[in-house]
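Here is what each chain is made of, one letter per residue.
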Amino acid sequence: MSRANLEVELSGVKLRNPLILASGFVDDDPSLLLRAWKAGFGALTTKSLTPKPREGYKPPIIAFTKAGYLNAVGLANPGIESLPHLLSKLPEEAKVIVSLAGSTPEDFRYSSEKADKAKVDIIELNLSCPHVKGMGMDIIHDISYSLEVIESVVSTSSKPVFVKLGLTDTYLSLVSRALDKGVSGFTIMNTVRAMAIDIESLKPVLSNVFGGLSGPAIHPIAVRMVYEVYSEFSIPIIGVGGVDDWTDVIEFIAAGASGVGIGSYLFLRSVEKIDVLLKGVEKFMVDRGFSSISEIRGIAIKR
Ligand SMILES: Cc1cc2nc3c(=O)[nH]c(=O)nc-3n(C[C@H](O)[C@H](O)[C@H](O)COP(=O)(O)O)c2cc1C
């Protein structure tokens, strides 16, 4: 098979291909990040890190539903101080996105100052986790507060800053105002707040009651949000949500994404299976005569 060029650029950061390990899919073992890099990802996103380690919620934290996966891990993570250790096994050329979570502008500034000194390429602000009180969605629902958080990082960081969005009615207005503050791009989208009830016990399945829905059910929503943001602002976007085969990757890129996050795809498959996605994308490009990803990016936008 002849080859197509899968390289993409995200705010000046060159990736060997558009596939990005989504936040939350490897734990705090540095060997797992190395394994994901060796499997062929273009970039790796860390679990969201908070200033101090967090334990998260008691099990059950994951549930399988007919429509996809529900999780309420509760942002369990080893804390920002663990970042150098987490990255310690990666080769020099590996591209890393560090995801940060917190409750206040000070939390985010503290962690971003640490991240700035580490070998990371992009800082991603998780303003959209749907199941932790005082974090994530609780921040993004308040646009002024979100802008304070964003400014506290952008004003001090030397790295490109991305904001991870979730499903809200006001996200386009946040995007516009965040760009004015100097944000480089957006990761779209986080899980969608949801729940399941066990009909034996007639009680909620998750210990936290509410969790976040991921997997194919949210893919069309994520594609719609990427499309809306790219058509209005033409900025760097990482599309994440429900990628289940290579056609979903092409769909995100056609809607305007430069990078495509892979998450729940890995629940039932080993990380090496991203090779199937890469081969599918490359074959599509060769068959259809596309020589680079940038020729496909945003091609679906109706002007
Ligand atoms: C178990 C689990 C843990 C997650 N942890 C995080 C996290 O720490 N930070 C974050 O920004 N998103 C987190 N996410 C959301 C994913 O990064 C992704 O946005 C979401 O799952 C949608 O993509 P998918 O359908 O491909 O899984 C998590 C998702 C799951 C299922």
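Residues numbered from 1 in each chain as written. Predicted model: local features only at pLDDT ≥ 70, side-chain atom pairs only at ≥ 80, totals over all residues.

Another aspect to go through is the packing of helix 8 (residues 246–255) against helix 9 (residues 274–288). Running from N to C, helix 8 and helix 9 point in directions that differ by 60°, and their axes come no closer than 8 Å. As far as their axial angle goes, helix 9 and helix 8 are oblique. Of the two possible hands of crossing, helix 8 and helix 9 adopt the one that is right-handed. For the pair formed by helix 8 and helix 9, the contact residues are Trp246, Val249 and Ile250 on the first element and Leu277, Gly280, Val281 and Phe284 on the second. Considered class by class, the residues forming the contact of helix 8 with helix 9 number 6 nonpolar, 1 polar and no charged. (Axes fitted to C-alpha atoms, helices over the stretch in contact; angles between N-to-C directions. Helix = DSSP H or I, 4+ residues; strand = E, 2+ residues; numbered from the N terminus. Parallel < 35°, antiparallel > 145°, perpendicular 65-115°, else oblique. Left-handed = near helix turned anticlockwise from the far one by under 90°. Contact = placed C-beta atoms within 7 Å. Nonpolar A, V, L, I, M, F, W, Y, C, P; charged D, E, K, R; others polar.)

The subject of this paragraph is the sheet that holds strand 14 (residues 211–214). Strand order in this open sheet of 4 strands is 5-6-14-11, and the pairing throughout is antiparallel. Each having just a single partner strand, strand 5 (62–65) and strand 11 (192–194) make up the two edges of the open sheet. On average, each strand axis in the sheet is tilted by 35° relative to the strand beside it, whichever way the strands run. (Pairing = 2+ DSSP bridges.)

Moving on to the environment of Ala101. Looking at the secondary structure, you find Ala101 in the loop between strand 7 (96–100) and helix 3 (105–117). For Ala101, a count of 28 C-beta atoms within 10 Å puts it in the buried group. A sequence separation of 35 residues divides Ala101 from Gly136, and the C-alpha atoms of the two residues are 7.2 Å apart. Not counting chain neighbours up to four residues away, the residues in contact with Ala101 comprise Ser48, Leu49, Thr50, Leu75, Asn126, Cys129, Met135 and Gly136. (Buried ≥ 20, exposed ≤ 12 C-beta atoms within 10 Å, placed from the backbone.)

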